[in-house]
Amino acid sequence: MYAEILILGELMSGPKHGYEIKRNIQNALGDEFEINNNLLYPALRRFVEMGAISKEVIQSEGKPNRHVYCLTETGEEIFLEMICDFPGKLAARQIEFLVRVALFDRLEPEIQQEIMRNRQEVLQKKLEYYRKAEQDHVQNPYVLKVIDLQKAQTELELKWIQSLSQEMDQ
């Protein structure tokens, strides 16, 4: 779902062609958020069919035609529905959370806080699991190393969310 949110989010700032959407996302968020052509163009086709975006074909002499996509009013509504839909299953995926945070400037503060609360709940459950797992796997030092890393990453993300939340309250 995060890829679709990023695509629509890119079009919120104005019309773009497919490569430009892809490049802007990668430039802003890095390689971990790369959207390949096999994901981008089928998503754009689906959005056109849904009426979420419109497509204009620009003729170029001696070059392939350029397809420029523009977000519609329906697309804005779909974007907001998608970004606000953040149940536990999605909140468990870090990339889904980070995409939403990257687009917080498009959301009301109450929705931002709800997204962070949902992620915090998932992370708290993970911490509980890791603490119990530490006790259950005492004999295997390598399993403990993996659990320690996961626990440290989870604790760090929880601190980051708390810091972000405090920053937003100011």
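If you're wondering where the values come from, they're calculated on a predicted model, not measured in any experiment. (Residues numbered from 1 in each chain as written. Predicted model: local features only at pLDDT ≥ 70, side-chain atom pairs only at ≥ 80, totals over all residues. Heavy atoms only, no water.)

### Observations concerning the overall build of the protein
What counts here: The way it works is that DSSP assigns letters per residue, a run of H or I at least four long becomes a helix, a run of E at least two long becomes a strand, and they are numbered from the N terminus. Radius of gyration means the value over C-alpha atoms here, while the globule rule gives 2.2 Å times the residue count to the 0.38 power. When accessible area is computed with a 1.4 Å probe and restricted to protein chains, residues below 20% of their type maximum are described as buried, those above 50% as exposed, and intermediate ones as partly exposed. In what follows, residue pairs with any heavy atoms lying within 4.5 Å of each other are defined as contacts. Computed by Shrake-Rupley with a 1.4 Å probe, the accessible areas treat only the displayed protein chains as cover when residues are assessed.
If you tally the helices and strands in the protein, you get eight helices and three strands. When its helices and strands are written in sequence order, the protein yields α-β-α-α-β-β-α-α-α-α-α. Taking 170 residues into account, the globule formula puts the C-alpha radius of gyration at 15 Å, and the protein, at 20 Å, lies well above it. C-alpha extents for the protein along the principal axes are approximately 70 × 35 × 25 Å. A total of 170 residues make up the protein; the buried ones form 39% of that total. Excluding contacts between residues fewer than 6 apart, the proportion of contacts in the protein whose partners are at least 24 apart in sequence is 59%. Accessible surface computed for the protein: about 10,600 Å², of which carbon and sulfur atoms make up 49%.

### Considerations on the UniProt feature "domain: Transcription regulator PadR N-terminal" (unreviewed entry) in the protein
For clarity, the cut-off: UniProt positions are given in the numbering used here, feature names are shortened, and annotations may be inferred rather than shown by experiment.
Taking the numbering used here, the UniProt-annotated feature "domain: Transcription regulator PadR N-terminal" (unreviewed entry) corresponds to residues 7-77. Counted over residues 7-77, helix gives 51% and strand 20%. Its end C-alpha atoms are 14 Å apart.

### Overview of the pairing of strand β3 (residues 66-71)
Our working definition: When DSSP finds two or more bridges between two strands, those strands count as paired.
Two strands pair when backbone bridges link them, and strand β1 (residues 16-17) and β3 are joined in this way by two bridges, in the antiparallel orientation. For H17, the partnering residue across the bridge sits in β3 and is V68. Pairing geometry for strand β2 (residues 53-58) and β3, over six bridges, is antiparallel. Each residue of the ladder has a partner; that of I53, found in β3, is L71.

### Observations concerning the environment of L123
The topology assignment puts L123 in helix α7 (residues 109-136). Contact partners of L123, with chain neighbours within four places excluded, come to T154, E157, L158 and I161.

### Some thoughts on the sheet that holds β2
The cut-off we apply is this: In this description, a line fitted to the C-alpha atoms serves as the axis of each element, helices being fitted only across the stretch in contact, and the angle between N-to-C directions of two axes falls anywhere from 0 to 180 degrees.
Strands sit in the order β1-β3-β2 across an open sheet of three strands; the sheet is antiparallel. Taken across any chain shown, the strands that pair with only one partner, and hence form the sheet edges, are β1 and β2. Of the strands in this sheet, β1, β2 and β3 are in contact with helix α1 (residues 2-11), which crosses β3 at around 90°.

### Remarks on a negative patch on the surface
Under the convention used in this document: Patches draw on residues past 30% relative accessible area with no salt bridge. Two like charges within 9 Å are joined, as are two nonpolar side chains (Val, Leu, Ile, Met, Phe, Trp, Tyr) within 5 Å. Here, a salt bridge means any side-chain nitrogen of Lys or Arg that lies within 4 Å of a carboxyl oxygen of Asp or Glu. By the counting rule applied here, Lys and Arg register as positive and Asp and Glu as negative, while His and the ends of each chain are not counted. One atom stands in for each charge, and that atom is NZ of Lys, CZ of Arg, CG of Asp or CD of Glu.
There is a patch of like negative charges on the surface, built from E73, E76, E77, E81 and D85. Looking at the element boundaries, D85 is found in the loop between α4 (73-84) and α5 (88-91).

### Brief notes about the packing of helix α6 (residues 94-102) against α7
Stated precisely, the cut-off is as follows: Roughly parallel means an angle under 35 degrees; roughly antiparallel, over 145; roughly perpendicular, 65 to 115; everything else is oblique. Whether a crossing is left-handed or right-handed is set by the direction in which the near helix is turned from the far one by less than a right angle, anticlockwise for left-handed and clockwise for right-handed. Gly is placed with the polar residues, together with every amino acid not listed as nonpolar (Ala, Val, Leu, Ile, Met, Phe, Trp, Tyr, Cys and Pro) or charged (Asp, Glu, Lys and Arg).
Relative to each other, α6 and α7 sit at 160°, their axes nearing to 11 Å. Here α6 lies roughly antiparallel to α7, going by the angle between them. Seen from above, α6 lies across α7 with left-handed handedness. Each of Q94, F97 and R100 in α6 lies in contact with α7, whose residues at this interface are I115, M116 and R119. For the contact of α6 with α7, a count of residues per class yields three nonpolar, one polar and two charged.

### Section: the packing of aromatic side chains
The condition is simple: Pairing of aromatic side chains requires ring centres within 6.5 Å, counting the rings of Phe and Tyr and the six-membered ring of Trp. Pairs whose planes differ by under 30 degrees are stacked, by over 60 edge-to-face, and all others tilted.
Applying the stated criterion across every chain, the model contains three aromatic pairs. Between the aromatic rings of F97 and W160, the centroid separation amounts to 6.2 Å while the plane-to-plane angle is 90°, which identifies the pairing as edge-to-face. Of this pair, F97 sits in helix α6 while W160 sits in helix α8 (residues 141-169); the two residues are 63 residues apart in sequence, bridging distant segments of the chain. Given the relative accessible area of 0%, F97 is considered buried.

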